[in-house]
Structures are given as structure tokens and as C-alpha cells.
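Summary of the model geometry
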Amino acid sequence: MFAPEVNRIMVTGALGQIGTDLVDELRQRYGNENVLATDIRQLSGHSGVTNGPFELLSVLDIDSMDKIVKDYDIRKIFHLGAMLSAVGEKKPDLCRKINIGGVISVLETAKSNNLKVYAPSSIAVFGPEAPKHAPQNTPLNPTTVYGETKVIGENLINDYWTKYNVDARGLRYPGLISWKSPAGGGTTDYAVEIFQAALNHGHYDCFVKPETRLPMMYMDDAIRATLELMDSPIESIGKSRPGYNVSGLSFTAQELVDAIKDKVDGFTCNFFPDIRQKYADSWPDSIDDSFAKEDWSWKAKYDLNRIVDSMLDNLSD
Ligand code: AKB
């Protein structure tokens, strides 16, 4: 079934926004049959990961995870199964359970099967007291439950590395903009939804204020950052291993609207801030990623114009 010489990879949360793009890239690099997509949702004909193996898997079901890892001879896990901020604040108990429990399942499975792990963190680890240009090292006092789960996830990665030598790594993802799969349940989702709305309706009702500035990144950059981090030799990975700051760009909601208006004739946007404004306000405006630059030579490629062009092109096809 598999090519024997390749390190087989498993992705959790493979049907989500990041998973869809990551599985695609991994399968192009290593062959469809060497990348196992898993998700708690059933694979449908519409999802982007139908071209290779798939297993239904709850990230809380550690026995099934262990069995699948053994059955498929998995050597590396990319753990993307998680709940995002907006949904997480509505269901805090479930958010803690899935986000913390999922990381524990993956780290335990990695410990007993000697696997390498990627488990992402987020800019949500920062709280309102952190500097607005967020440094790598600053006290982490998030005010969202989602942010708390990401801080705990980073601590768990550190723990399993120092105590059990599990080579797990993570990035603090900013808001991610992509077209292959819709975003869902996050605060930064407006920066994705707006493109589809602009093309389909010429109008978007935005749920944050026009002056809201957040760190953002195009998915191509995020996938490249993920794989560059994971492919870096262990000696180059420093103390930031559980959550490297990675910067793409930073813009306000109004700046995004203006950039889309330049390309979509007649596009209009109204602003009706809701509860997600509060989560956005608690996060930094931009990110200092000098540790990622120094340790493994990180550099983003996409600016706002390039993102807008690429999003509109791909969504119009
Ligand atoms: C969210 O909005 O919840 C995520 C994140 C910043 O981690 N995109």
C-alpha cells in the first residue's frame, strides 16, 4: 500500500482550513498514499483530500490514534484538529477538552511510537497586556479560553521535549487567508469571508471595526513556514520550539476593504462589530518574528496586493 522508504505522515483535522492545504502540499511532495488524512467529520466528495487515504478519528480517542499510527506505520503527525476562538468562547468546556485533550493524545502517541509532531499555537496566546507589536518572549496572559488552551499546548510541547525527548514543534499562526476551504469558527474569518462575499454579492457585512488591525498571513506562506520549521535540523530549533512567532503582514479591516475595492468594481462593506471584536482587541497588531528568522531563516513572501490578487483569481475560477 505504501512506498517503504518514505516517512509516512498523519494529519488530524485534515478537512479544516489549514488541513486541506497542508494535505495537498504534503501529498504533492511525498505521494498521495504516504499522507493519511484524518478528521472527526466524514470525508465527502467535495472535500479537497479525496485523493489519498482517509480515516475517521476523534483526537480524543487515544487508543484509535495509536492503532492507526501502528497500522499505517506513521512517523510524523501534523495535529490540526482543534476548535478556534469564536466557537471556543461559546463552548469553553468543549474547547478546553478538544484543544488540550487533543494535544495530550498526540504527544502521548508520539511518546510511545517515537514520532515527530507539529502542533500549532496562535497569536491568541497574547493577551491585552502584551505589547501591541508582540515579541517572542513576554508574559502570556490571554483573556480567551482558546488562547489559554494554546498556552497550555505550548507548555505541554515543552514538557514532552524536556522530559521525554518528543520532538514536537509549533508556530503561533496569525489569521490565515486561503481559498481552498472555508475558514470556520475563528475571529479572523472576516479576512477570508470578505473575498467570497465581494465576488458573489459585491458587498460584505464585517463583524469587526474598520480600524481593527491584526497579524495575518496567506496560506501559502503558512504552509511553507510549517514545513520549513518541521524540516529544520534539530540543532537549529531553539527555546521557541513550542510556538515560534511568524509574521506575514498586518492590516486593518478598512485597508483590506480598500485593497479589494481596487480590484472589484462597486464593492461595498458595512461594519457591524459583534462579540468577536473583543477577542480581536485582546490580540496584538503585529508580530516580531526575529527568532524564526534567526533560527530557521523564516521570511514571508505575500503582501496585501499579492494576497488580494491570488484570492480573487482562485475564487473566480
Ligand atoms: C482565530 O481567529 O481563532 C484563529 C487564530 C487567530 O488562531 N484564526
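Preceding this paragraph is the structure being described.
As a starting point, this report considers the structure included with it. Just so you know, these numbers come straight off a predicted model, no measurement behind them. (Residues numbered from 1 in each chain as written. Predicted model: local features only at pLDDT ≥ 70, side-chain atom pairs only at ≥ 80, totals over all residues. Heavy atoms only, no water.)

Focus: the overall build of the chain
Per the secondary structure count, the chain includes 11 helices and 16 strands. The proportion of buried residues among the 317 residues of the chain is 56%. In the chain, the share of contacts with a sequence separation of at least 24, taken over all contacts with a separation of at least 6, comes to 78%. Each charge class in the chain can be summarised by its mean position, and for the 33 positive and 44 negative side chains these summaries are 4 Å apart. (Helix = DSSP H or I, 4+ residues; strand = E, 2+ residues; numbered from the N terminus. Buried < 20%, exposed > 50% of the residue type's maximum accessible area, 1.4 Å probe, protein only. Contact = heavy atoms within 4.5 Å. Lys, Arg positive; Asp, Glu negative; His and termini not counted. Charge placed at Lys NZ, Arg CZ, Asp CG, Glu CD.)

Some details on the environment of Lys 90
Secondary-structure assignment places Lys 90 in helix H3 (residues 85–90). Sequence-wise, Lys 90 and Val 145 are 55 residues apart; in three dimensions their C-alpha atoms are separated by 9.6 Å.

A few points about the packing of aromatic side chains
Counting across every chain of the model gives seven aromatic pairs. Taking 5.6 Å as the distance between ring centres and 90 degrees as the angle between the ring planes, the aromatic pair formed by Tyr 244 and Trp 296 counts as edge-to-face. Of this pair, Tyr 244 sits in strand S13 (residues 244–245) while Trp 296 is found in helix H10 (residues 290–296), placing the two residues 52 residues apart along the sequence. Pair check on accessibility: Tyr 244 and Trp 296 agree, each one buried. Measuring from centroid to centroid gives 6.2 Å for Trp 296 and Trp 298, while their planes differ by 45 degrees, and the two rings are tilted. Accessibility expressed as a relative area gives 6% for Trp 296, which makes it buried. A relative accessible area of 2% places Trp 298 in the buried class. (Phe/Tyr/Trp six-rings, centres within 6.5 Å; stacked < 30°, edge-to-face > 60°.)

A few points about the sheet that holds strand S10 (residues 175–177)
Judged by pairing direction, the sheet is mixed, and its three strands sit side by side in the order S10-S12-S14 without closing on themselves. Whereas interior strands pair on both sides, the edge strands pair on one side only; in this sheet they are S10 and strand S14 (249–252). For this sheet, the mean inter-axis angle between neighbouring strands, taken without regard to orientation, is 45 degrees. Strands in contact with helix H6 (residues 190–201) are S10 and strand S12 (213–218); relative to S10, the strand with the most contacts, it is inclined by about 25 degrees. (Pairing = 2+ DSSP bridges. Axes fitted to C-alpha atoms, helices over the stretch in contact; angles between N-to-C directions.)

Side note on helix H1 (residues 17–30)
In an α-helix there are 3.6 residues to a turn, and that puts residues three or four apart on one side. The terminal C-alpha atoms of H1, which comprises 14 residues, lie 21 Å apart, in line with the 20 Å expected from a rise of 1.5 Å per residue. Within H1, 10 of the 14 residues are buried, which leaves the element mostly enclosed by the surrounding structure. Within the sequence span of H1, burial applies to Gln 17, Ile 18, Gly 19, Thr 20, Asp 21, Leu 22, Val 23, Asp 24, Leu 26 and Arg 27. (Expected span 1.5 Å × (residues − 1).)

Observations concerning the nonpolar core
Judged by nonpolar contacts, the single largest core of 46 residues is most densely connected at Ile 177, Tyr 190, Phe 195, Tyr 204, Leu 256, Ile 260 and Phe 267. Of all the elements in the fold, those that place two or more residues in this core are helix H5 (145–164), H6, strand S11 (203–206), S12, S14, helix H8 (253–261), helix H9 (276–281) and helix H11 (304–316). Residue-level mapping places this core at the junction of two domains, with at least three residues from each of domain 1 (8–174 + 217–245) and domain 2 (176–216 + 249–286 + 302–316). In this structure Tyr 204 touches Tyr 190, Glu 193, Ile 194, Ala 197, Phe 267, Thr 268, Cys 269 and Asn 270, once residues within four positions along its chain are discounted. Judged by nonpolar contacts, the second largest core, of 32 residues, contains Val 35, Leu 80, Leu 176 and Met 219. (Core = buried A, V, L, I, M, F, W, Y, C linked by side-chain atoms within 4.5 Å. Domains from an automatic or database assignment.)

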